[in-house]
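# A look at the structure
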Amino acid sequence: STLSSSSAASDVYKRQAALYAYILETRHYLAAAASRMCPSVSPGIGLSPISLMLSRHALEEWDHAQFFNEALELIGCSGDMVRLARPLPATLEWIHLSRQIAAMGELVSAACSGFMEHSSVEQEAVLGWHELLVGHNLLSRKATDKVLGHFSTDIQYGHSDNLSLIHISEPTRRRGIS
């Protein structure tokens, strides 16, 4: 009985550690938002509708890592620890890939951004997953609320609509109408 409770506690610790790592890596990714998103904006200074959307999106994302900084602080990761932590190689690759995609042009960048942000339309699934984390004591309610603050802000800004805005803007652009 003691062995099984020790094994169960170890399983919870492993799941919790993986979740904390996910929060830290998401923070790293969001902290790189400007460097990931802006290469697609600079060539389009004429501000086509897509460049304008990308510019607005970059401005809206600049501080989103703060939601995760606050959640990490609540679970015991000091600001100094978070700043000293380096992203995992996979996170760095994703940041570099996003930057390369953005440099390909505004349409490619906007499509990539739109697909990533579109997941917020699954609000029930996202909220349910976070409730599961709290219910299984993997993340405190306060830390969960910080993470969900990012989700709510993206919804408020309408980031999930970015994909449809691209679809509307691109045919107009192709006909030479700005």
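Attention here is on the structure that accompanies the text. The structure displayed is predicted, hence computed values, not measured ones. (Residues numbered from 1 in each chain as written. Predicted model: local features only at pLDDT ≥ 70, side-chain atom pairs only at ≥ 80, totals over all residues. Heavy atoms only, no water.)

## So, the layout of surface pockets
Worth spelling out the cut-off: Cavity: a set of points on a 1 Å grid over the protein atoms alone where a 1.4 Å probe fits but cannot get out. Pocket: an open set with protein on both sides within 12 Å along at least five of seven lines, its lining residues, like those of a cavity, having an atom within 4 Å of a point. Grid points are joined across faces, edges and corners, and a volume is the space filled by probe spheres set on the points. Numbering of helices and strands runs from the N terminus; a helix is a DSSP stretch of H or I covering at least four residues, while a strand is a stretch of E covering at least two. Think of it as three bins: nonpolar holds Ala, Val, Leu, Ile, Met, Phe, Trp, Tyr, Cys and Pro, charged holds Asp, Glu, Lys and Arg, and polar takes everything else, Gly as well.
When its volume is computed, the largest pocket comes out at roughly 750 Å³. Lining of the largest pocket is provided by 30 residues; of these, Tyr-29, Leu-30, Met-116, Glu-117 and His-150 occupy positions nearest its centre. When residues of the lining of the largest pocket are traced back to their parent elements, those giving at least two are helix H1 (2-31), helix H2 (33-37), helix H3 (49-61), helix H6 (89-104), helix H7 (106-117), helix H8 (123-135) and helix H9 (141-157). Taken together, the residues that form the lining of the largest pocket break down as 15 nonpolar, ten polar and five charged.

## What to know about the pattern of salt bridges
To keep things clear, this is the line we draw: Salt bridges are defined as contacts in which a side-chain nitrogen from Lys or Arg sits within 4 Å of a carboxyl oxygen from Asp or Glu. Exposure categories follow from relative accessible area, calculated using a 1.4 Å probe and restricted to protein chains: below 20% of the type maximum is buried, above 50% is exposed, and the middle band is partly exposed.
Counted by the stated rule, this structure contains four salt bridges. Linking Asp-80 and Arg-83 is a salt bridge whose minimum nitrogen-to-oxygen distance equals 2.6 Å. Taken together, the residues Asp-80 and Arg-83, both in helix H5 (residues 79-84) and three residues apart, mark about one turn of the helix. A residue is classified by how much of its surface remains accessible, and Arg-83, at 54% relative accessible area, is exposed. The closest approach of N and O atoms between Arg-141 and Asp-145, which form a salt bridge, is 3.8 Å. Residue Arg-141 and its partner Asp-145 are located together in helix H9, separated by four residues, close to a single helical turn.

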